[in-house]
Amino acid sequence: QVQLVESGGGLVQAGGSLRLSCAASGRTFSSHAMGWFRQAPGKEREFVAAIRWRVGSTFYAESVKGRFTISRDIAKNTVYLQMNSLKPEDTAVYYCAASEQFYSGYRERYDYWGQGTQVTVSS
């Protein structure tokens with residue numbers, strides 16, 4: 001079993017920045033990819049960004065491309081989401097997830113999920 005714990009959420013003004021962290025622990029961590037998703041009130045959980053764990057390749061949702069950056073520290077088993085130029089529409093609970101087999105933007109492809117961290121962007 002893999003445990004994922006997010007941190008770094010909070011309240012920020014539009015145009016500001018936040019960095020989210022997600023620390024993985026448990027059995028030997030061997031996920032193929034890690035992803036960030038978000039869910040706003042009354043909306044479906046949506047894909048934000050993903051990274052191939054070993055290779056480091058990344059891809060993003062169009063809505064965050066150029067503003068958000070996903071990265072990982074293999075030695076620390078931690079994935080990050082640097083969020084710049086934040087907008088009120090970025091307000092959501094942000095979840096990190098791990099997939100043992102896939103490098104994907106589909107939440108169904110992910111096996112493990114964190115508890116989420118709230119990000120609120122004020123206008």
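The coordinates are above.
What counts and how
Residues numbered from 1 in each chain as written. Predicted model: local features only at pLDDT ≥ 70, side-chain atom pairs only at ≥ 80, totals over all residues. Heavy atoms only, no water. Pairing = 2+ DSSP bridges. Helix = DSSP H or I, 4+ residues; strand = E, 2+ residues; numbered from the N terminus. Axes fitted to C-alpha atoms, helices over the stretch in contact; angles between N-to-C directions. Disulfide = S-S within 2.5 Å. Buried < 20%, exposed > 50% of the residue type's maximum accessible area, 1.4 Å probe, protein only. Phe/Tyr/Trp six-rings, centres within 6.5 Å; stacked < 30°, edge-to-face > 60°.

A. Molecular detail of the sheet that holds strand S1 (residues 2-7). Here we have four strands laid out as an open sheet, ordered S1-S3-S8-S7, and antiparallel in their pairing. Lying at the two open borders of the sheet, with one neighbouring strand each, are S1 and strand S7 (68-73). Averaged over all pairs of adjacent strands, the angle between their axes in this sheet comes to 15°, without regard to strand direction. Here S1 runs beside strand S3 (residues 18-26); their pairing, made up of six bridges, is antiparallel. Bridging from a neighbouring strand, Glu 6 pairs with Cys 22 of S3.

B. Highlighting the state of the cysteines. For the coordinates displayed, the defined rule picks out one disulfide. Across the disulfide, Cys 22 is cross-linked to Cys 96 (sulfur-sulfur distance 1.9 Å). Taken as a pair, Cys 22 in strand S3 and Cys 96 in strand S9 (residues 92-99) lie far apart in primary sequence, 74 residues in all. In this structure, Cys 22 and Cys 96 share a single accessibility class: buried.

C. Just the packing of aromatic side chains, in detail. Scanning the model with the defined rule gives six aromatic pairs in all. Aromatic side chains Phe 37 and Phe 47 sit 5.7 Å apart centroid to centroid with 75° between the ring planes, which places their arrangement in the edge-to-face category. Residue Phe 37 is located in strand S4 (residues 33-39), and its partner Phe 47 is located in strand S5 (residues 46-52); the two are separated by ten residues in the primary sequence. When its relative accessible area of 1% is taken as the criterion, Phe 37 is described as buried. Assessed through its relative accessible area of 15%, Phe 47 is described here as buried. Through pairs of rings, three or more aromatic residues link up here, namely Phe 37, Phe 47, Phe 59, Tyr 103, Tyr 110 and Trp 113.

D. Structural view of the pairing of S9. Counting buried positions over the eight residues of S9 gives seven, a clear majority of the element. Bridge count between S4 and S9: seven bridges; the pairing is antiparallel. Residue pairing in the sheet places Ala 33 in a bridge with Ser 99 of S9. Sheet topology note: the S9/strand S11 (residues 117-122) ladder contains three bridges and is antiparallel. Paired with Ala 92 across the bridge in S11 is Val 119. In this sheet, strand S10 (residues 112-113) lies alongside S9 in antiparallel orientation, the contact comprising two bridges. In the sheet register, Ala 98 faces S10, and the bridge partner there is Tyr 112.

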